[in-house]
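Chain by chain, the residues run as shown.
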Amino acid sequence: MKRYAGEQTALRAFTVRKSLEPAYTQLAMNGASGPLADERVRRAVARALDRKQIAELVLKPLGLPAKPVGSHVALAGQQAYEDNSDSLGGLDTKASQALLADAGWRLGGKITEPAGAKAGPESEKQDDSKTPSTASAPSNASGPGTGNDGLYIVGQDDKNDGELHSAASDLRAVTTSAARREHQGTLGSRPEGPEGHSGDGALAEGAAAYGPDGEIVDADVFARDASGVRPSPVLAPAPFRAQQEKSLLAQAAGITAVEDGKRSPARDVEAAEPPAQGSPAPAKQAARNSGSVLAKDGKPLTLRFVVPAGAGSESLRAVGERISQELRKIGVNTEITKVADESFFKDHIASGQYDLALYSWPATAYPATDARPIFAKPEPAADGSLLVEQNYTRVGTDQIDQLFDQALGSLNEDESRDLIRKADARIWAAAGSIPLYQRPELVAAKPGLVNAGAFGLGAPRFQDIGWKKPPTAKDKKK
């Protein structure tokens, strides 16, 4: 507070001279990529802006006339100036919404999220260390790198669980075979056996046959009889077969009950899923409703708004906030990013790393030559890059270039100005940049210094600049 009071006391010895600087601030829209590559979206954004209120936000507190700029190539007071903003149209929220709808942007659309991500602002970054590699790990693999690291399921840590599951499977196979034989009244055929067993159920010639307990038995035991039926592989005498089958059924039922008791919901889900065949199916995308934000093709209409973060850019940031509020009314979301002043133009504007941005262009007495590179249509360079000259919005047309060329080649000043105005009307229609307000010019000067300060579009007459003479006694009497 003491420092502020000291500064205010020091400023009392100065007077502030104000004018409108020969430069205007514009909203630039990057038409090279993203949603703003569509002219309808750019026009919708432009028609959602209340340029009068934005100008008042900056100029009215300073006591300066708050009138929006109506030309890209000249300012009020210059001979080439003409308000051509009607070529785009004024503030009209309904027209903006209609243009966005025509471009395919809808309210309440579905917004897709990456698989595994949460919808909304709580979405967290997925841990890559738990994502399986499709090239090296199968879809049903477990262990490190499969997404199950640290996952504990009750019952799965039992070291005998695998053995229990294997025993249940073996008994289930045996009892199924026994039940089939009991139903048919004959002995059923055996499932595919261990090594040495051919695919059609016959034993390979000269190969040893194995019983279910690993005992080697004579191959003739397992040979088909005259009816084509193979005896049971269960090594039990015929009189005790029925008793053994009942015993096995009881054991299988008991083991299955224990296994089901230890089975977790997670394992039930895994068991219900069909086995992966070939390449794994693509993961489903989680979707959420876009709400009050427009959406198209699963993506919300969100624009990157870049503003400088320096101490002298408070007015630009205030304008950016106002524009964001106005765009929110038509369902357009903006992400305001504050960047360092030294990187604002070089790393963002000139390189095209933005959707929306605020910066200024100076007025010129020779718009046919000075304004042409600012609005020239970008052309591909020999190295494949885009040659934009000074057209950092990357929006231009052949007609605009032709009008500038004609104005530059005309020797008639009135004809040249008329061609410049026509070019400006087409620049408005393309909606690459929207002039907002003429920048304020504030100069602090000693009260006794005359004919110096804020000149606006005027030029200083240095011979007229000087100090007031102190009043003499004679002047005081008068």
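About the thresholds
Residues numbered from 1 in each chain as written. Predicted model: local features only at pLDDT ≥ 70, side-chain atom pairs only at ≥ 80, totals over all residues. Heavy atoms only, no water. Helix = DSSP H or I, 4+ residues; strand = E, 2+ residues; numbered from the N terminus. Buried < 20%, exposed > 50% of the residue type's maximum accessible area, 1.4 Å probe, protein only. Contact = heavy atoms within 4.5 Å. Areas by Shrake-Rupley, 256 points an atom, 1.4 Å probe, with all protein chains shown as cover. Pairing = 2+ DSSP bridges. Axes fitted to C-alpha atoms, helices over the stretch in contact; angles between N-to-C directions. Right-handed = clockwise from strand over helix to strand, strands pointing away. pLDDT = per-residue confidence, 0-100. Polar contact = N/O pair within 3.5 Å; in protein donor to acceptor, adjacent residues only side chain to side chain. Phe/Tyr/Trp six-rings, centres within 6.5 Å; stacked < 30°, edge-to-face > 60°. Core = buried A, V, L, I, M, F, W, Y, C linked by side-chain atoms within 4.5 Å. Expected span 1.5 Å × (residues − 1). Salt bridge = Lys/Arg side-chain N within 4 Å of Asp/Glu carboxyl O.

Q: In this structure, what is going on with the overall build of the protein chain? I would like to understand it.
A: Along the protein chain, the regular secondary structure elements total 14 helices and 16 strands. In the protein chain, which comprises 478 residues, the proportion classed as buried is 34%. In the protein chain, the share of contacts with a sequence separation of at least 24, taken over all contacts with a separation of at least 6, comes to 72%. As presented, the protein chain carries roughly 28,600 Å² of accessible surface, and 53% of it is formed by carbon and sulfur atoms.

Q: Which parts of the structure should I look at to understand the sheet that holds strand β8 (residues 299-300)?
A: Strand order across the open sheet formed by 3 strands is β2-β7-β8, with antiparallel pairing between neighbours. Sheet topology places β2 (106-107) and β8 at the edges, where each strand pairs with a single neighbour. Relative to strand β7 (residues 294-296), β2 is paired through 2 bridges, and the arrangement is antiparallel. Note that in β7 the partner of R106 across the bridge is A295.

Q: In this structure, what is going on with the sheet that holds strand β10 (residues 333-339)? I would like to understand it.
A: Across a sheet, strands are paired by hydrogen bonds formed along the backbone, either parallel or antiparallel in direction. With mixed pairing, the 5 strands of this open sheet are ordered in space as β10-β9-β11-β1-β14. Strand pairing shows two members of the sheet lacking a second neighbour, β10 and β14 (433-445), which therefore form its edges. Geometrically, the sheet is characterised by an average inter-axis angle of 35° between neighbouring strands, direction not taken into account. Bridge analysis of strand β1 (residues 15-29) against strand β11 (residues 356-362) gives 7 bridges, and the strand direction is antiparallel.

Q: Just to check I follow, could you spell out the pairing of β10 for this structure?
A: A regular strand places its side chains so that they alternate between the two faces of the sheet. Note: strand β9 (residues 302-308) against β10, 7 bridges, orientation parallel. The residue of β10 that forms the bridge with F305 is I336. In this fold, the crossover linking β9 to β10 by way of helix α8 (residues 314-328) has right-handed handedness.

Q: Can you walk me through the confidence of the model for the protein chain in this structure?
A: Detailed reading of the predicted coordinates is not advisable wherever pLDDT is low. Looking at the protein chain, the pLDDT average stands at 75 and 62% of residues meet or exceed 70. Predicted confidence for residues 173-224 stays below pLDDT 50, and this span has 64 contacts to residues more than four positions away or in other chains. Scored below 50 in pLDDT, residues 258-272 shows 17 contacts in the model against residues more than four places distant or in partner chains.

Q: Just to check I follow, could you spell out helix α2 (residues 39-47) for this structure?
A: Side chains of residues three or four places apart in an α-helix project in the same direction, reflecting 3.6 residues per turn. Within α2, 7 of the 9 residues are buried, which leaves it mostly tucked inside the rest of the structure. Packing partners of the buried residues in α2 comprise β1, α4 (93-102), β9, α8, α13 (413-430) and β14.

Q: Explanation requested: the side chain of E441 in the structure shown.
A: By the secondary structure assignment, E441 is in strand β14. At a separation of 3.1 Å, a polar atom in the side chain of E441 contacts the main-chain amide nitrogen of G456. Beyond its immediate chain neighbours, meaning those up to four positions away, E441 contacts R17, K18, S19, L20, E21, P22, A454, F455 and G456.

Q: Looking at this model, I keep getting lost on unusual backbone geometry. Mind explaining?
A: Residues other than glycine predominantly adopt negative phi, and peptide bonds predominantly adopt the trans conformation. Although it is not a glycine, R394 sits at a positive phi angle of roughly 60°. Mapped onto the elements, R394 comes out in the loop between β13 (386-387) and α12 (398-409). The backbone of A431 shows a phi angle near 55°, a positive value even though the residue is not glycine. Its location among the elements puts A431 in the loop between α13 and β14.

Q: Explanation requested: the packing of aromatic side chains in the structure shown.
A: What describes a pair of aromatic rings is the distance from one ring centre to the other and the angle between the planes of the rings. Following the criterion strictly, the structure yields 4 aromatic pairs and no others. Considering the side-chain rings of F345 and Y392, the 5.1 Å spacing of their centres and the 90° angle between planes classify their relative orientation as edge-to-face. Of the two residues, F345 is situated in helix α9 (residues 341-349) and Y392 in the loop between β13 and α12; the sequence distance between them amounts to 47 residues. Overall, the relative accessible area of 32% leaves F345 in the partly exposed class.

Q: What exactly am I supposed to notice about the nonpolar core here?
A: The biggest cluster of nonpolar side chains holds 37 residues, and the ones touching the most others in it are L27, L100, I323, L327, L436 and Y437. Put simply, the parts of the chain that give this core at least two residues each are β1, α2, α3 (51-59), β9, α8, β11 and β14. A28, L75, I349 and I427 belong to the second-largest nonpolar core, a separate cluster that totals 26 residues.

Q: Please explain the environment of P300 as it appears in this structure.
A: Within the secondary structure layout, P300 lies in strand β8. Once you skip the residues sitting within four places of it in the chain, P300 turns out to touch W105, I111, V293, L294 and A295.

Q: What exactly am I supposed to notice about α13 here?
A: The end-to-end C-alpha distance of α13, which contains 18 residues, comes to 26 Å, matching closely the 26 Å that a straight helix rising 1.5 Å per residue would cover. Where α13 is concerned, the buried positions are S416, R417, L419, I420, R421, A423, D424, A425, I427, W428 and A430. On its buried face, α13 is in contact with α2, α3, α10 (367-370), α11 (372-375), α12 and β14. Where α13 starts, the residue carrying a side-chain oxygen 2.9 Å from the main-chain nitrogen of D414 turns out to be N412. Positioned one or two residues after α13, A431 has a phi angle of 55°, which is positive.

Q: For this particular structure, what's the right way to read the pattern of salt bridges?
A: The full count for this structure, using the stated rule, is 12 salt bridges. Its salt-bridge partner being R40, residue D38 comes within 2.9 Å of it at the nearest N-O pair. Here K422 ties to D418 by a salt bridge, and the two come within 3.8 Å at their closest N and O atoms. Here the residue K422 and the residue D418 both occupy positions in helix α13, the gap between them amounting to 4 residues, near one helical turn. Bridged by salt links that share partners, the residues D38, R40 and D102 form one connected network.

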